[in-house]
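Descriptive analysis of the structure
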Amino acid sequence: MNNNPIGIFDSGIGGLTVANAISKAMPKESLVYFGDTAHLPYGEKSKDLIREYSLGISKFLLEVKHCKAIVIACNTASAAAYEYLRDSHKGSYPIINVIDPIIEALVERPELNKIGLIATNTTISSGVYQEKIRRRKPSASINTLATPLLVPMIEEGYANDNISRTLIGNYLSNEALEGIEALILGCTHYPIIRKEIEEYYEQQVQLFDSTDILANKLKWILEKEDLLCSERSAPNSFYISDMNPHFAKSAERFFQESINLELLNIWKEGQ
Ligand code: DGL
């Protein structure tokens, strides 16, 4: 079991920011990544639909690819489908979402109490971050802002330019985020524009995203469950459910090294 890969999924390529952090923290582990590009964006879909997609992908990762653990590398799917997946697989595999490790990191910083959250519409309206912060950090207030244009902007390759600076500035100057001490980047696409957000706040606001925080948490879980791999046994593999000419190039930006994306439509009969 220890030599089996770690399964990671997202609606598309955003979760590659998480996969990259996992691969740096645990270079001996093999990864199987699935980006459900046929159904992108999840951020505008209903909870029921996201659950159905997430269940199909997790079955593929567990039953076909024999993964030893699953990472939901998408905030929207974590908000809509984490408990559902955990219950569907009856606790037999570690399943980790991107929201809880951020909440834990915030709990460890008692001096940060005015918290902002930017994320997709579905993540914000699920109320999952708000509820978890209310429960785990009752002294804190949370102000939220849906920022739906950031995902298409990043997917289209706009970062570190005038277009991204204008859009980021426009969102972050919204009065909902006034006076915050910490900002949760509640979408796995946003680490790509983390530097620009830091510059906007002139390093005065503490940012939390689910890259290194999640990788460290996963390492801790695998260690505890005695599931760490002692030697690299297979190369990483990357699948997407629909091909688009941009993806391969964007994927390299997200993963920070060249990768071979394979088209695999698990939704088509016979696959
Ligand atoms: N990467 C997804 C997330 O973390 C958002 C992308 C989408 O809307 O599909 O929420």
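Residues numbered from 1 in each chain as written. Predicted model: local features only at pLDDT ≥ 70, side-chain atom pairs only at ≥ 80, totals over all residues. Heavy atoms only, no water.

What to know about the site of the ligand
Selection criterion: Residues are labelled near a given molecule or strand when at least one of their non-hydrogen atoms is within 4 Å of it. The definition of a polar contact used here is a pair of N or O atoms within 3.5 Å, where within protein one atom must be able to donate a hydrogen and the other to accept one, and adjacent residues in sequence count solely through side-chain atom pairs. Note on areas: these come from Shrake-Rupley sampling with a 1.4 Å probe, and a residue is covered only by the protein chains present in the view.
Surveying the vicinity of the ligand reveals 14 residues, the closest of which are Ser-11, Tyr-42, Gly-43, Asn-75 and Thr-76. Here an oxygen atom of the ligand and a side-chain polar atom of Ser-11 are 2.6 Å apart. Protein contacts shield 99% of the accessible area of the ligand, which totals 300 Å² for the unbound molecule.

A look at the nonpolar core
Here is the rule: Only buried residues count toward a nonpolar core, which is a set of Ala, Val, Leu, Ile, Met, Phe, Trp, Tyr and Cys residues joined through side-chain atoms within 4.5 Å. Each residue is assigned to one of three classes by its accessible area relative to the maximum for its type, calculated with a 1.4 Å probe on protein chains only: buried under 20%, partly exposed between the two thresholds, exposed over 50%. Residues count as neighbours in contact if any of their non-hydrogen atoms are within 4.5 Å of one another.
Counting 53 residues, the largest nonpolar core has Leu-16, Ile-22, Val-71, Ile-118, Leu-183 and Ile-197 as the members making the most contacts within it. Beyond its immediate chain neighbours, meaning those up to four positions away, Leu-16 contacts Tyr-33, Phe-238, Ala-251, Phe-254, Phe-255 and Ile-259. Counting residues in each nonpolar core, the second largest holds 23 residues, with Leu-55, Leu-62, Ala-80 and Leu-264 among its members.

Here we look at the packing of helix H4 (residues 100-107) against helix H6 (residues 128-136)
Note the cut-off: Fitting a line to C-alpha atoms yields each axis, with helices limited to the stretch in contact; the angle taken between N-to-C directions then spans 0 to 180 degrees. Under the DSSP-based scheme used, a helix requires at least four consecutive residues in state H or I and a strand at least two consecutive residues in state E, with every element numbered from the N terminus. Rotating anticlockwise by less than a right angle from the far helix to the near helix defines a left-handed crossing, while the corresponding clockwise rotation defines a right-handed one. Here the term charged refers only to Asp, Glu, Lys and Arg, the term nonpolar to Ala, Val, Leu, Ile, Met, Phe, Trp, Tyr, Cys and Pro, and the term polar to all other amino acids, Gly among them.
Packing of H4 against H6 leaves a shortest axis separation of 10 Å and a crossing angle of 35°. In the crossing of H4 with H6, the sense of the turn from one axis to the other is right-handed. Where H4 abuts H6, its residues Asp-100, Ile-102, Ile-103, Glu-104, Leu-106 and Val-107 lie against Tyr-129, Lys-132, Ile-133 and Arg-136. Taken together, the residues of the contact of H4 with H6 break down into 6 nonpolar, no polar and 4 charged.

Description of the pairing of strand S9 (residues 237-240)
Rules: Any two strands with at least two DSSP-identified bridges between them are counted as paired. Assignment of crossover handedness uses the view with strands pointing away from the viewer, where a clockwise path from the first strand over the helix to the second indicates a right-handed crossover.
In S9, alternate side chains face the same way, and those of Ser-237 and Tyr-239 on one face and Phe-238 and Ile-240 on the other are all buried. Here strand S2 (residues 31-35) pairs with S9 via 4 bridges, running parallel. Within S9, the residue paired with Tyr-33 across the bridge is Phe-238. Handedness of the crossover is the feature at issue here: the chain leaves S9, passes through helix H11 (residues 245-255), returns alongside strand S10 (residues 261-263), and the resulting connection is right-handed.

Describing the sheet that holds S10
Sheets are built from strands that pair by backbone hydrogen bonding, the pairs being arranged parallel or antiparallel. Across the sheet, 6 strands lie side by side as S4-S3-S1-S2-S9-S10; this open sheet has parallel pairing. Two strands lie at the open edges of the sheet, namely strand S4 (95-97) and S10, each paired on one side alone. Averaged over neighbouring strand pairs, the angle between their axes works out to 20° when direction is ignored. Along the sheet, helix H1 (residues 16-25) contacts strand S1 (6-10), S2, strand S3 (69-72) and S9; its crossing angle with S2, the most-contacted strand, is approximately 175°. Packing against the sheet, helix H3 (residues 75-88) makes contact with S1, S3 and S4, and its axis sits at approximately 160° to S4.

Regarding the side chain of Thr-147
With respect to the secondary-structure elements, Thr-147 resides in the loop between strand S6 (141-146) and helix H7 (150-155). Since its relative accessible area comes to 0%, Thr-147 is described here as buried. Discounting chain neighbours no more than four positions away, the residues touching Thr-147 are Ile-118, Ala-119, Tyr-171 and Tyr-190.

So, the pairing of S2
Where burial is concerned, most of S2 is hidden: 5 out of the 5 residues are buried. Residue alternation in S2 divides its side chains into two sets, Leu-31, Tyr-33 and Gly-35 and Val-32 and Phe-34, and both sets are buried. In the sheet, S1 pairs with S2 via 5 bridges, with the strands oriented parallel. Following the sheet pairing, Phe-9 is matched in S2 by Phe-34. The β-α-β motif built from S1, the intervening H1 and the parallel element S2 has right-handed crossover chirality.

Focus on the pattern of salt bridges
Here is the rule we go by: A pairing counts as a salt bridge when a side-chain nitrogen of Lys or Arg comes within 4 Å of a carboxyl oxygen of Asp or Glu.
Inspection of the entire model under this criterion finds 9 salt bridges. Between Lys-217 and Glu-104 there is a salt bridge; the shortest N-O distance is 3.2 Å. Placement of the pair is Lys-217 in helix H10 (residues 212-224) and Glu-104 in helix H4, with a sequence separation of 113 residues. Here Arg-134 and Glu-131 are joined by a salt bridge, their closest N and O atoms 3.6 Å apart. Of the two residues, Arg-134 and Glu-131 are both situated in helix H6; the distance of 3 residues between them amounts to about one turn of the helix. A relative accessible area of 53% places Arg-134 in the exposed class.

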